[in-house]
Amino acid sequence: MTMIPHPTRAEAPLPLIEGTARVVRIEGATAWLEPEQTTACHGCAAAASCGGDTGDSRGFGSVASRLAGRRFALDNPGSLRVGERIVVGVNHGALIKAALTAYALPLATTLSAGALAEWAAAGDLVAMASMAAGLGLGILAARIGARRLADRGELDPRFLRRADAGPVAASCGELSPGSVA
Amino acid sequence: MKEFALMMIGAALVNNVILARFLGLCSFMGVTTRIDTAAGMGLATTFVMTVSAMIDWGVQRYLLEAWDLGYLRTITFILVIASTVQFTELVIRKISPTLFQMLGIYLPLIATNCAVLGVALLVVEGRMGFVASTMFAFASSVGFSLVMVIFAGLRERLALANVPQLFAGPPIAFILASLLAMAFMGFSGISTG
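Rules and cut-offs
Residues numbered from 1 in each chain as written. Chains lettered and ligands numbered in written order. Predicted model: local features only at pLDDT ≥ 70, side-chain atom pairs only at ≥ 80, totals over all residues. Heavy atoms only, no water. Helix = DSSP H or I, 4+ residues; strand = E, 2+ residues; numbered from the N terminus. Buried < 20%, exposed > 50% of the residue type's maximum accessible area, 1.4 Å probe, protein only. Contact = heavy atoms within 4.5 Å. Areas by Shrake-Rupley, 256 points an atom, 1.4 Å probe, with all protein chains shown as cover. Phe/Tyr/Trp six-rings, centres within 6.5 Å; stacked < 30°, edge-to-face > 60°. Buried area = accessible area lost by both parts, 1.4 Å probe. Salt bridge = Lys/Arg side-chain N within 4 Å of Asp/Glu carboxyl O. Polar contact = N/O pair within 3.5 Å; in protein donor to acceptor, adjacent residues only side chain to side chain. Pairing = 2+ DSSP bridges. Expected span 1.5 Å × (residues − 1). Bend = angle between axes of the 7 residues up to and from the residue. Axes fitted to C-alpha atoms, helices over the stretch in contact; angles between N-to-C directions.

As a further point, take the overall build of chain A. Helix and strand counts for chain A stand at three helices and five strands. Along the chain direction, N to C, the helices and strands of chain A fall in the order β-β-α-β-β-α-α-β. When each of the 181 residues of chain A is scored for burial, the buried share is 36%. Pairs at least 24 residues apart make up 76% of the contacts formed inside chain A by residues separated by at least 6 positions. Put simply, chain A shows about 10200 Å² of open surface, and 60% of that area lies on carbon and sulfur atoms.

This is how it looks when you write it as structure tokens:
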């Protein structure tokens, strides 16, 4: 029986978490990017027109409006143009650190407050109030933690390469001009 | 305290949300191609599941039961879950726009995750106190996250394996899921021991 060799973590460099984004604006040395929506139909370059709208696709609650809300800035490596699709990456483990900061910290304070209330044999209403207070405290702690992570630049995305033209699903409406490099 | 520990182990391992109750299977199959994304999704689901169970407990006790509106339970809980997801999204955007860029993608997926509603319904059916209900929801969501991460790790290894063409993709993933479910059946011995 042939054993299939698996690269171990010591042998292989840790990969970046990659995602595709589209350049929507250039301001001097800064490029503004919109992440490409990944959906159950495997995501495509027509995401900005997705949602069944025939007119203004940036209406409230549409996919396009959600994408606009998730725009982010990147140092322009020089030759990026509006409409280009590029691949950006963040460090391995950044997602875990971000998730731990945003979710685990508030949960830990909330549950600790609940455990304290239970230990003190408090009633349900007191437990609810103490857990709500714990949640608020945890959100404050998460805010401080997130600021520290951002200051250290651990969450910053990096330009990796230009993306190939992505697949366009036939049911996703027309492609917006310049959305494919 | 011992009862709490047993109840939490039971919720996380013996009656695992995914492998014993078969809830949340779409995210189980869809977001488990990488450990990073599975862990991110798992933590987000843990937060939303716990917080929405807390709110649902209060709504059930002080609104639905008090006003004899039990028939509105499902729709009310769905509304609570959707509101919790929106609240979480707003808070994360306020805490850090960068975090929102990285984590925001998972939140809309959680609003349609049946495991969140399933756990909320189990919590009220269990007729436990507030802290016990919250701990039950938390343990259930930890079990959910644990299985997501284990399955993602297995699929990462599987991506490097030479799988026959006939089984490549979803078929081998389903076989893997069934083997994992059988492995988790071993924990059922805890409840009878």
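A separate point is the overall build of chain B. Counting secondary structure elements, chain B contains 10 helices and zero strands. Order of helices (α) and strands (β) in chain B, N terminus to C terminus: α-α-α-α-α-α-α-α-α-α. Projected onto its principal axes, the C-alpha coordinates of chain B cover approximately 60 × 50 × 30 Å. Counting across all 193 residues of chain B, residues that qualify as buried make up 53%. By element, 71% of the accessible surface of chain B is carried by carbon and sulfur atoms, the whole surface being about 8800 Å².

With that out of the way, let us pick up the packing of aromatic side chains. All names here are of chain B. Enumeration according to the criterion identifies five aromatic pairs over all chains in this entry. Judged by centre distance (6.2 Å) and plane angle (75°), the rings of Trp57 and Tyr62 are edge-to-face. For Trp57, a relative accessible area of 5% translates into the label buried. Ring geometry for Phe184 against Phe187: centres 5.2 Å apart, planes inclined by 70°, an arrangement best described as edge-to-face. Exposure remark for Phe187: the relative accessible area of 29% places this residue in the partly exposed category.

Our next topic: the interface of chain A and chain B. Facing 43 residues of chain A, the contacting portion of chain B comprises 44 residues. Summed over both partners, the interface of chain A with chain B comes to about 3900 Å²; 74% of that surface belongs to carbon and sulfur atoms. Inspection of the chain A/chain B interface yields one salt bridge. Viewed at the interface, chain B and chain A are joined by one residue pair in polar contact (both at pLDDT 80 or more). Of all the secondary structure elements, the ones that give two or more residues to the side of chain A that touches chain B are α1 (63-69), α2 (94-119) and α3 (124-151) of chain A.

So, about the side chain of B:Arg73. Residue and element names in this part refer to chain B. Structurally, the position occupied by Arg73 is in helix α4 (residues 73-95). A polar side-chain atom of Arg73 sits 2.8 Å from a polar atom in the side chain of Glu125. Aside from chain neighbours lying at most four places away, what touches Arg73 is Gln60, Leu64, Leu121, Val124 and Glu125.

All right, on to the pattern of salt bridges then. Residue and element names in this part refer to chain A. In this structure the tally under the stated criterion is eight salt bridges over all chains. In this structure, Glu84 and Arg81 form a salt bridge, with 3.6 Å as the shortest nitrogen-oxygen distance. Overall, Glu84 belongs to the buried group, its relative accessible area being 6%. When its relative accessible area of 57% is taken as the criterion, Arg81 is described as exposed.

Once that is clear, we can look at the pairing of strand β3 (residues 72-75) of chain A. Residues and elements named next belong to chain A. Residue alternation in β3 divides its side chains into a buried set, Phe72 and Leu74, and an unburied set, Ala73 and Asp75. Here four bridges tie strand β2 (residues 30-35) to β3, and the two strands are oriented antiparallel to one another. In the sheet register, Ala31 faces β3, and the bridge partner there is Leu74.

All names here are of chain A. Between its first and last C-alpha atoms α2 spans 36 Å; for 26 residues at 1.5 Å apiece the expected length is 38 Å, and the two agree. Of all the bends in α2, the largest measures some 35° and sits at Leu100. Once α2 ends, the next one or two residues include Ala121, with phi positive near 55°.

Residue and element names in this part refer to chain A. For Leu74, the position within the fold is in strand β3. Each C-alpha atom of the pair Leu74 and Ala31 lies 5.2 Å from the other, and the pair is 43 residues apart in sequence. Apart from the residues lying within four places of it in its own chain, the contact partners of Leu74 are Ala29, Thr30, Ala31, Leu33, Ile86, Val88, Pro157, Arg158 and Phe159.

Before going further, it helps to examine the sheet that holds strand β5 (residues 158-162) of chain A. Residues and elements named next belong to chain A. In spatial order, the strands read β3-β2-β1-β4-β5; together these five strands make up an open sheet with antiparallel pairing. The open sheet has two edge strands, β3 and β5, and neither has a second partner. Geometrically, the sheet is characterised by an average inter-axis angle of 45° between neighbouring strands, direction not taken into account.

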